[in-house]
Amino acid sequence: MLTERPAIMDASSIINIAASGRAEEILAIVSEQIYVCSYVQEKECLYLRSQDGLSVELIELPAWIETGMIQECDLGDDEEEQFLEYAAQVDDGEAMSLAIAAARGFTLVTDDRKAQRLAQSGGITLLTTPQILRGWASTQTDATVSEALKAIETRARFRPRDEDPLNAWWLHVRDP
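Being a predicted model, the structure only gives us computed values, none of them experimental.

Cut-off values and rules
- Residues numbered from 1 in each chain as written.
- Predicted model: local features only at pLDDT ≥ 70, side-chain atom pairs only at ≥ 80, totals over all residues.
- Heavy atoms only, no water.
- Helix = DSSP H or I, 4+ residues; strand = E, 2+ residues; numbered from the N terminus.
- Rg over C-alpha atoms; globule rule 2.2 N^0.38 Å.
- Contact = heavy atoms within 4.5 Å.
- Areas by Shrake-Rupley, 256 points an atom, 1.4 Å probe, with all protein chains shown as cover.
- Lys, Arg positive; Asp, Glu negative; His and termini not counted.
- Charge placed at Lys NZ, Arg CZ, Asp CG, Glu CD.
- Core = buried A, V, L, I, M, F, W, Y, C linked by side-chain atoms within 4.5 Å.
- Buried < 20%, exposed > 50% of the residue type's maximum accessible area, 1.4 Å probe, protein only.
- Axes fitted to C-alpha atoms, helices over the stretch in contact; angles between N-to-C directions.
- Parallel < 35°, antiparallel > 145°, perpendicular 65-115°, else oblique.
- Left-handed = near helix turned anticlockwise from the far one by under 90°.

(A) Expanded view of the overall build of the protein chain. Check the secondary structure of the protein chain and you find 10 helices and seven strands. The globule rule puts the C-alpha radius of gyration for 176 residues at 16 Å, and the 15 Å found for the protein chain is close to it. Dimensions along the principal axes, computed over C-alpha positions, put the protein chain at roughly 50 × 30 × 30 Å. Nonlocal contacts in the protein chain, meaning residues at least 24 apart in sequence, comprise 66% of its contacts between residues at least 6 apart. As displayed, the protein chain offers around 8800 Å² of accessible surface, 45% of which is attributable to carbon and sulfur atoms. For the protein chain, the centre of its 15 positive side-chain charges and the centre of its 31 negative side-chain charges are spaced 9 Å apart.

(B) Here's a closer look at the nonpolar core. Grouped together as the largest cluster of nonpolar side chains are 58 residues, with contacts concentrated most on I8, I14, W64 and L98. If we ignore the near neighbours within four places in the chain, the residues touching I8 are Y35, V36, C37, C73, S97, I100, A101, F106, T107, L108 and V109.

(C) Local environment of the packing of helix α1 (residues 11-19) against helix α9 (residues 142-155). Following both chains from N to C, one finds α1 and α9 inclined at 125°, their axes separated by 7 Å at the closest point. Relative to α9, α1 is oriented oblique. As α1 packs across α9, the resulting crossing turns out to be right-handed. Taken together, the residues of α9 that come into contact with α1 (itself represented by N16, A18 and A19) are A151, I152 and R155.

Okay, here's the thing in structure tokens:
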């Protein structure tokens, strides 16, 4: 497991992992307990580009919840004030995920730069899609990893920023 703590994922990370076509395998290495707040599940994490980029597909998040791969959670009363503070700086999904991570000691999984900065300044443990994929890649063939990274770039339009420490790894593995 990449973290011994429960993890909470925001929409950006779920969309990126879903785009890989290998979500079940990838999520299995993140944490024994993975959560998504209900707002992200109901409002932000619905669709993904098709492989050809011409249409959209539903993200299978409800099925992941049904099978227990991910668990849904809501803000507790004691987390609402912190949510409001974060919501002034980031979108509601990131703000809820940050508030839950801060209050419950969860690891936050996000690719949103502002949410990452807020997590780091608040002492919240953080994981990103590139970190998760690097961990997963260690048990996969180069061809499988390359295919997953290309799918993420096409379907989620995500690639690590140039200044991301894992950008060079991503580019090298994507195009062996």
